[in-house]
Amino acid sequence: MDYKKTNAPLNTVTRDIIAMAEQTGNVYETVCIIGKRANQIAVEMKKELEKKLQEFASTDNLEEVSENREQIEISRFYEKLPKPTLIATQEYIEHKLYFANPAKERDRLDD
């Protein structure tokens, strides 16, 4: 996923969670959906960052630690990105998330 192209705000934004819950009809379910997506995004971002920083990993002596400008720039880039919860919330608001509740699906089939 390209996190540079997200419309998510960089700061915390107050939102009407009741209005957001209209898609699911349940505030708790909405929060769980956003939370699970935020965890997925956080794992993706962490793997991507580790992959990029792996290039700079050295097996040299621990005393010989030198700072690499490229490594610092990569770290700063990831620090400036919106938090995973804000990205997940924005995806939810823009209807970019697919979610299904198996219990509700089963209840519908039983009726």
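Scope of this entry: the structure provided in the associated data block.

Calculation rules
- Residues numbered from 1 in each chain as written.
- Predicted model: local features only at pLDDT ≥ 70, side-chain atom pairs only at ≥ 80, totals over all residues.
- Heavy atoms only, no water.
- Salt bridge = Lys/Arg side-chain N within 4 Å of Asp/Glu carboxyl O.
- Buried < 20%, exposed > 50% of the residue type's maximum accessible area, 1.4 Å probe, protein only.
- Helix = DSSP H or I, 4+ residues; strand = E, 2+ residues; numbered from the N terminus.
- Contact = heavy atoms within 4.5 Å.
- Core = buried A, V, L, I, M, F, W, Y, C linked by side-chain atoms within 4.5 Å.

Quick look at the pattern of salt bridges now. Across all of its chains, the model carries three salt bridges by this definition. Between Arg-37 and Glu-44 there is a salt bridge, and its shortest N-O distance comes to 3.6 Å. Given the relative accessible area of 15%, Arg-37 is considered buried. Close ionic contact of Glu-91 with Arg-37 constitutes a salt bridge, the shortest N to O distance being 2.7 Å. Of this pair, Glu-91 sits in helix H4 (residues 84-93) while Arg-37 sits in helix H2 (residues 27-54), and the two are 54 residues apart along the sequence. It is possible to trace a salt-bridge network through shared partners that takes in Arg-37, Glu-44 and Glu-91.

For Thr-89, the location among the structural elements is in helix H4. A residue is classified by how much of its surface remains accessible, and Thr-89, at 11% relative accessible area, is buried. Non-local contacts of Thr-89, meaning those with residues more than four positions away in its chain, are made with Arg-15, Met-20 and Ile-34.

Here the focus is the nonpolar core. Counting residues in each nonpolar core, the largest one holds 16 residues, and the members touching the most others are Ile-34, Ile-41, Met-45, Tyr-78, Ala-88 and Tyr-92. Only H2, helix H3 (69-80) and H4 provide two or more residues apiece to this core. The biggest single contributor to this core is H2, with five residues.

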